[in-house]
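These are the residues of each chain, in order.
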Amino acid sequence: MPPSEGERAPDFTALLCDGETFQTANLSTVLDGGCVVVFYGFSFSAIAENWWKRYERAGWDEFEVPVVGLSREGPYAQNAFIRYLDSPFRLFSDGEGAAAETYDLLTRRSGMGETRTARRAVFVLDDEQRVVHRWLGEDWISPVPRTEIEAAVAELVG
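Residues numbered from 1 in each chain as written. Predicted model: local features only at pLDDT ≥ 70, side-chain atom pairs only at ≥ 80, totals over all residues. Heavy atoms only, no water.

Visitor: Any chance you could explain the sheet that holds strand 3 (residues 34–39) here in plain terms?
Guide: Two pairing modes exist for strands in a sheet, parallel and antiparallel, and in both the strands are linked by backbone hydrogen bonds. Spatial ordering of the open sheet is given by 2-1-5-4-3-8-9, a layout of seven strands whose pairing is mixed. At either end of the open sheet lies a strand with only one pairing partner, and these are strand 2 (22–26) and strand 9 (131–136). Averaged over all neighbouring strand pairs, the angle between strand axes comes to 25°, with direction disregarded. Judged from the three bridges that link them, strand 1 (residues 13–17) and strand 5 (residues 90–93) form a sheet pairing that is antiparallel. Bridge pairing in strand 5 places leucine 15 opposite serine 93. On the sheet, helix 2 (residues 46–57) packs against strand 3, strand 4 (67–71) and strand 5 and is oriented at approximately 175° with respect to strand 4. Across the sheet, helix 5 (residues 146–157) lies against strand 3, strand 8 (121–126) and strand 9, angled at about 10° from strand 8, the strand it touches most. (Pairing = 2+ DSSP bridges. Helix = DSSP H or I, 4+ residues; strand = E, 2+ residues; numbered from the N terminus. Axes fitted to C-alpha atoms, helices over the stretch in contact; angles between N-to-C directions. Contact = heavy atoms within 4.5 Å.)

Visitor: Honestly, the packing of helix 2 against helix 3 (residues 75–85) in this entry has me stumped. Any pointers?
Guide: A pair of packed helices can be characterised by two numbers: the angle between their axes and the separation between those axes. Orientation of helix 2 relative to helix 3, taken along the N-to-C sense of each, is 55°, at an axis distance of 11 Å. Comparing the axis directions of helix 2 and helix 3 gives the class oblique. Helix 3 is crossed by helix 2, and the crossing has right-handed handedness. Two secondary-structure elements touch here, helix 2 through Ala48, Glu49, Trp52 and Lys53 and helix 3 through Phe81, Tyr84 and Leu85. (Parallel < 35°, antiparallel > 145°, perpendicular 65-115°, else oblique. Left-handed = near helix turned anticlockwise from the far one by under 90°.)

Visitor: Quick question: what am I supposed to make of the pattern of salt bridges here?
Guide: Pairs can form between side chains of opposite charge once their charged atoms are near each other. Applying the stated criterion to the full structure yields three salt bridges. We note a salt bridge from glutamate 138 to arginine 119, for which the minimum N-O separation is 3.5 Å. On the criterion of sequence distance, the pair formed by glutamate 138 in the loop between strand 9 and helix 5 and arginine 119 in the loop between strand 7 (116–118) and strand 8 is long-range, its members being 19 residues apart. By relative accessible area, which is 72% here, glutamate 138 ends up exposed. (Salt bridge = Lys/Arg side-chain N within 4 Å of Asp/Glu carboxyl O. Buried < 20%, exposed > 50% of the residue type's maximum accessible area, 1.4 Å probe, protein only.)

Visitor: When you look at the pairing of strand 2 in this model, what are you seeing that I'm missing?
Guide: Taken residue by residue, a regular strand's side chains alternate between the two faces of the sheet. As paired strands, strand 1 and strand 2 are joined by five bridges and run antiparallel to one another. Paired with threonine 13 across the two strands is asparagine 26, which belongs to strand 2. Hairpin remark: strand 1 followed by strand 2, antiparallel, with four residues in the connecting loop; positive phi at glycine 19, about 105°.

Visitor: Explain the layout of surface pockets here, please?
Guide: The probe, sized like a water molecule, is rolled over the atoms to show the empty space still left. Approximately 170 Å³ is the volume found for the largest pocket. Forming the walls of the largest pocket are 18 residues, and the residues nearest its centre are Tyr40, Gly41, Ile47, Ala48 and Arg120. Mapped by element, the contributors of at least two residues to the lining of the largest pocket are strand 3, helix 2 and strand 8. With five residues, helix 2 is the largest single contributor of residues to the lining of the largest pocket. Of the residues contributing to the lining of the largest pocket, the split by class is 14 nonpolar, two polar and two charged. (1 Å grid on protein atoms, 1.4 Å probe; cavity = no way out; pocket = protein on both sides within 12 Å on 5 of 7 lines; lining within 4 Å. Points joined across faces, edges and corners; volume = space filled by probe spheres on them. Nonpolar A, V, L, I, M, F, W, Y, C, P; charged D, E, K, R; others polar.)

Next up, the structure:
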């Protein structure tokens, strides 16, 4: 079961990409008064491109806490995706799916053989890595409830 509100979210280690470089990082090292973690299937999909552009237009890059993404793409693809979007966000490369597995988010993709990716999910974490808000997507395309997430971040940073 993915972590619920009030529970401490699992830490994980993955490659963190900034568009140019990547380095091994723990989620706990990204926390800066809290964090928003966005799990998604694949970079360069129309869905991922659409939503990351929407997050930027909504001002998520101006939150007082960092917003990071996580998908199964390798670090070179993640960096290329960041550059392609000219995105201000950093993305974790979870090539083996270990981080998504710790959140119990891996799911099989219909029509893609045995490929498993993280289901869409967003976790707002406080500075102790406790979940203050979570959203679990039921499908690959439905909108993320931005106003709920934005309200959770506003409450977090007070």
